[in-house]
Amino acid sequence: MLVLDYRSMSNEALSAEKADLEKRYADFKARGLKLNMARGKPGVDQLDLSMPMLDILNSTSNIYASTGDDCRNYGLGDGLPEMRELFAEMLGIDDHNIIVGGNSSLNMMFDAISCAMTHGFPGCKPWSQQGHLKFLCPSPGYDRHFAITEYFGFELITVPMTDQGPDMDVVESLVKDDPTIKGIWCVPKYSNPTGITYSDETVRRFAALKPAAPDFKIFWDNAYCVHDLTDTPDTLLNLWHECRKQHSIDMPIFFASTSKITFPGAGVAAMGASEHNLTVFREHYSYQTIGPDKLNQLRHIYFFGNLDGVKLQMEKHRAILEPKFQVVQEKLESALGGKNIAEWTNPNGGYFVSVDVMDGCAKRVVSLCKEAGVTLTGAGATFPYQKDPRDRNIRVAPTYPPVSELELAMDLFCIAVQLAAVEKILA
Ligand code: PLP
C-alpha cells in the first residue's frame, strides 16, 4: 500500500485527501456514537476478576490479624503487618517503613503535601511559611498530580520527559540552587501517560540529587509497579536502595495502591518513607483517624496470599488488556504510520498510550472526536495548568471500553488526527 507523507504532498493532493477524510468523519458523526476514552479506568471485566474477594469474609472468618488485633475494631494505624509486607514487597522497601491507608494513594499524596504545608519536615519550617514555592512536573505527566500542587499554590515547573524518564540535566540544574523547589512528581514505571519506565541511570541520578532545599521530596508514585502487559516487562531500579547508598533516604516518598489490581473505588493504598519522614506522617494520621479499614486489608490478604497471588491476578488483567493495547497500536500504525503527522508510545505495561500529533493540532483532534461522540482526555491535561505549549499531546486510555468500541473509537481518533493535520498543513 502506498503511504503518503502528508508534509510532502501537493496542495491539490492534500485537498483531495481532506475531502475524503471529511466524508469519513461525517459518516462517523452520523452513527451517534457515545464512547469514552478519557480516563484510565479498568473495564467491567477487569473489575469482575476481584468479585470473589467480596465473599471472603463472612461470619465464620478469622478476623484477627497476626498481631491478635480484631480487624473490626479501631487500631493498627500503620495497617495490618501482612498488608505492610505485601506493599513492602511490591515497592521494594522495608515493611516497617510502610503505612497502609484507605482506598486511594492519591489521597495519601494529597495528605503528604497538606501535612508538609501545615507542619513541615523535621528541622524545617512548614512549606506554607516559606513564601512562594515551586514543584517540578515532568510532562507529559499525570494531571491529578499537577492539580494537587496547583491547589496548594505551588508554581508548577515543567520538566521535559524523555524516553529515560524526566530530563535529569534539567532536574539537577533546577534543584541545585533553588531552595523554593520543594519536590517533583514521578511515575517511575509505565509512566502516566507515556508508559516509559525510568532508566537505571535516571533512578541513580534521582538518588544522588543534591537539592538546595533540605526538605525537597521525590514523590515516587509507583502506581503501575506490577502492571506488565507483555512478555518483555520493564524493570525499575530500586530507588530505596539507591538512596540508602547515597545517604539520601529522607528524599523519596513512595506510593502505591491496589486500585488497578482489585477495585479503584475499594482497593488499599500505601505510602513508604524513611523513619524520619514517617514520624511526621504518623503524627498527622494520628489526628486524622483512629485506624484504617482493616477488614478490606484482610480481604486483600486472604485473596492474594502474597506477591505471587498479586502477580497471578495481574496475568488475568493482562489477558484482558493486552488485546486492547494491540488494537491501539494496530490502528495507529495502519492509519497514521509513515504519514509524518504523529508519533506514539508502545509501552510494555501501564494504562496509557501517549500520542503526539502535529504541533497545534491536539485541541482540534480532541474536539473533532468529542463532536462525533468519543470523549478523550482533554488536550493539554498532561501538562501543568492544562497548557501544552505545543498543543500536540493526547493521552489515549484504552482500558475501559470493550474491544469492539475501542476499535471504533480508534478509527475515529485516527481520522481526526489526519483531518486536523491536513487542515493545519493547508492553512
Ligand atoms: N497515580 C497514578 C500515576 C495514576 O495514574 C492514578 C490513577 O489513574 C492514581 C495514582 C490514582 O491512584 P489511587 O486510585 O490509588 O488514588
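Computed from a prediction, not measured in an experiment: that's the story for all the values here.

A.B. asks: Is there a simple way to explain the site of the ligand in this structure?
C.D. replies: Close contacts around the ligand come from 13 residues, with S104, S105, L106, S257 and S259 the closest. Residue composition of the shell around the ligand, by class: six nonpolar, six polar and one charged.

A.B. asks: Where do I start with the nonpolar core in this structure?
C.D. replies: Burial of nonpolar side chains together is a common tendency in soluble globular proteins. Judged by nonpolar contacts, the single largest core of 122 residues is most densely connected at F87, V357, V365, C369, A416 and V417. With 13 residues, the top contributor of residues to this core is helix α14 (residues 403–426). Composition of this core by domain shows at least three residues from each of domain 1 (6–46 + 311–426) and domain 2 (62–305). Not counting residues up to four positions away in its chain, the partners in contact with A416 are V365, L368 and C369.

A.B. asks: So what exactly am I meant to see when it comes to the packing of helix α5 (residues 105–118) against helix α6 (residues 143–151) here?
C.D. replies: For any two helices packed against each other, one specifies the crossing angle of their axes together with the interaxial distance. Running from amino to carboxyl end, α5 crosses α6 at an angle of 25 degrees, the nearest separation of the two axes being 10 Å. Classed by the angle they form, the pair α5 and α6 counts as roughly parallel. Crossing hand, α5 versus α6: right-handed. On α6, the residues touching L106, M109, F110 and I113 of α5 are R144, I148 and T149. A per-class count over the contact of α5 with α6 returns five nonpolar, one polar and one charged.

A.B. asks: Hey, could you run me through the domain arrangement of the protein chain in this one?
C.D. replies: Accessible area lost when the parts come together is the quantity often used to give the size of an interface. Domains assigned within the protein chain are domain 1 (6–46 + 311–426) and domain 2 (62–305). A separation of 31 Å is found between the C-alpha centroids of domain 1 and domain 2. With 25 residues of domain 1 in contact, the opposing surface of domain 2 contributes 28 residues. Counting residues per element, the side of domain 1 that touches domain 2 draws most heavily on helix α12 (residues 307–336), at seven residues. Looking at the side of domain 1 that touches domain 2 residue by residue, the class counts come to 12 nonpolar, eight polar and five charged.

A.B. asks: I tried to follow unusual backbone geometry on my own but got confused; where do I start?
C.D. replies: Trans peptide bonds make up most of the peptide bonds, and negative phi angles are found at most residues other than glycine. A cis amide bond links S139 to the next residue, P140, at an omega of 5 degrees. Summarising the element assignment, P140 is placed in the loop between β3 (134–139) and α6. A cis amide bond links N192 to the next residue, P193, at an omega of 10 degrees. Considering the arrangement of structural elements, one finds P193 in the loop between β6 (181–186) and α8 (200–207).

A.B. asks: Would you explain the pairing of strand β11 (residues 353–357) in this entry?
C.D. replies: Side chains on a regular strand alternate between the two faces of the sheet. With four of five residues buried, β11 is to be regarded as a mostly interior element. Pairing analysis gives three bridges linking strand β10 (residues 342–344) to β11, with the strands arranged antiparallel. Its bridge partner lying in β11, A342 is registered against V357. Bridging between β11 and strand β13 (residues 393–396) involves four bridges; their strand directions are antiparallel. Note that in β13 the partner of V353 across the bridge is V396.

A.B. asks: Can you help me understand the sheet that holds β10 in this one?
C.D. replies: Whenever strands of a sheet pair, they do so through backbone hydrogen bonds, lying parallel or antiparallel. Spatially, β10-β11-β13 is the arrangement adopted by the three strands of the open sheet, whose pairing is antiparallel. Two strands bound the open sheet, and with one partner strand each, they are β10 and β13. For this sheet, the mean inter-axis angle between neighbouring strands, taken without regard to orientation, is 25 degrees.

A.B. asks: Sorry, what's going on with α6 here?
C.D. replies: Since there are 3.6 residues in each turn of an α-helix, residues three or four apart along the chain are aligned in direction. Taken together, the buried positions of α6 are occupied by D143, H145, F146, I148 and T149. Contacts made by the buried residues of α6 are with α5, β3, β4 (155–162) and β6.

A.B. asks: Help me out: how do you make sense of the confidence of the model for the protein chain in this one?
C.D. replies: Detail in the predicted coordinates should be disregarded across regions flagged by low pLDDT. Residues of the protein chain with pLDDT of at least 70 account for 99%, and the chain-wide mean is 97. Among the prediction metrics, the complex's ipTM stands at 0.99, with pTM recorded as 0.97.

A.B. asks: Looking at this structure, how should I read the sheet that holds β6?
C.D. replies: Taking strand neighbours across the sheet as the criterion, the eight strands line up as β2-β9-β8-β7-β6-β3-β4-β5 in an open arrangement whose pairing is mixed. Edge positions in the sheet fall to β2 (98–100) and β5 (165–166), since each has one partner strand and no second. Note: β2 against strand β9 (residues 269–272), three bridges, orientation antiparallel. Bridge pairing links I98 to G272 in β9.

A.B. asks: Sorry if this is basic, but what is going on with the environment of K217 here?
C.D. replies: By the secondary structure assignment, K217 is in strand β7 (residues 217–221). Look at K217 and you get buried, because 22 C-beta atoms sit within 10 Å. A C-alpha to C-alpha distance of 9.4 Å links K217 and I181, two positions 36 residues apart in sequence. Contacts of K217, omitting those with residues within four sequence positions, involve K182, G183, M251 and I253.

A.B. asks: I would appreciate a short explanation of the packing of helix α1 (residues 11–30) against α14 in the present structure.
C.D. replies: Here α1 crosses α14 at 145 degrees, and the two axes come no closer than 9 Å. Crossing angle aside, the handedness with which α1 passes α14 is left-handed. Packed against α1, whose contacting residues are N11, L14, S15, E17, K18, L21, E22, R24, Y25 and F28, the element α14 presents L412, I415, Q418, L419, V422, I425 and L426 at the interface. In terms of residue class, the contact of α1 with α14 is made up of 10 nonpolar, three polar and four charged.

A.B. asks: What exactly am I supposed to notice about helix α4 (residues 81–91) here?
C.D. replies: Counting buried residues in α4 gives eight out of 11 residues, a clear majority hidden from the surface. Three or more residues of α4 are buried, namely E82, M83, R84, L86, F87, A88, M90 and L91. Residues of α4 that are buried sit in contact with β2, β8 (252–257), β9, α11 (294–304) and α12.

What counts, and at which threshold
Residues numbered from 1 in each chain as written. Predicted model: local features only at pLDDT ≥ 70, side-chain atom pairs only at ≥ 80, totals over all residues. Near = placed C-beta within 6 Å. Nonpolar A, V, L, I, M, F, W, Y, C, P; charged D, E, K, R; others polar. Core = buried A, V, L, I, M, F, W, Y, C linked by C-beta atoms within 7 Å. Buried ≥ 20, exposed ≤ 12 C-beta atoms within 10 Å, placed from the backbone. Helix = DSSP H or I, 4+ residues; strand = E, 2+ residues; numbered from the N terminus. Domains from an automatic or database assignment. Contact = placed C-beta atoms within 7 Å. Axes fitted to C-alpha atoms, helices over the stretch in contact; angles between N-to-C directions. Parallel < 35°, antiparallel > 145°, perpendicular 65-115°, else oblique. Left-handed = near helix turned anticlockwise from the far one by under 90°. Pairing = 2+ DSSP bridges. pLDDT = per-residue confidence, 0-100.

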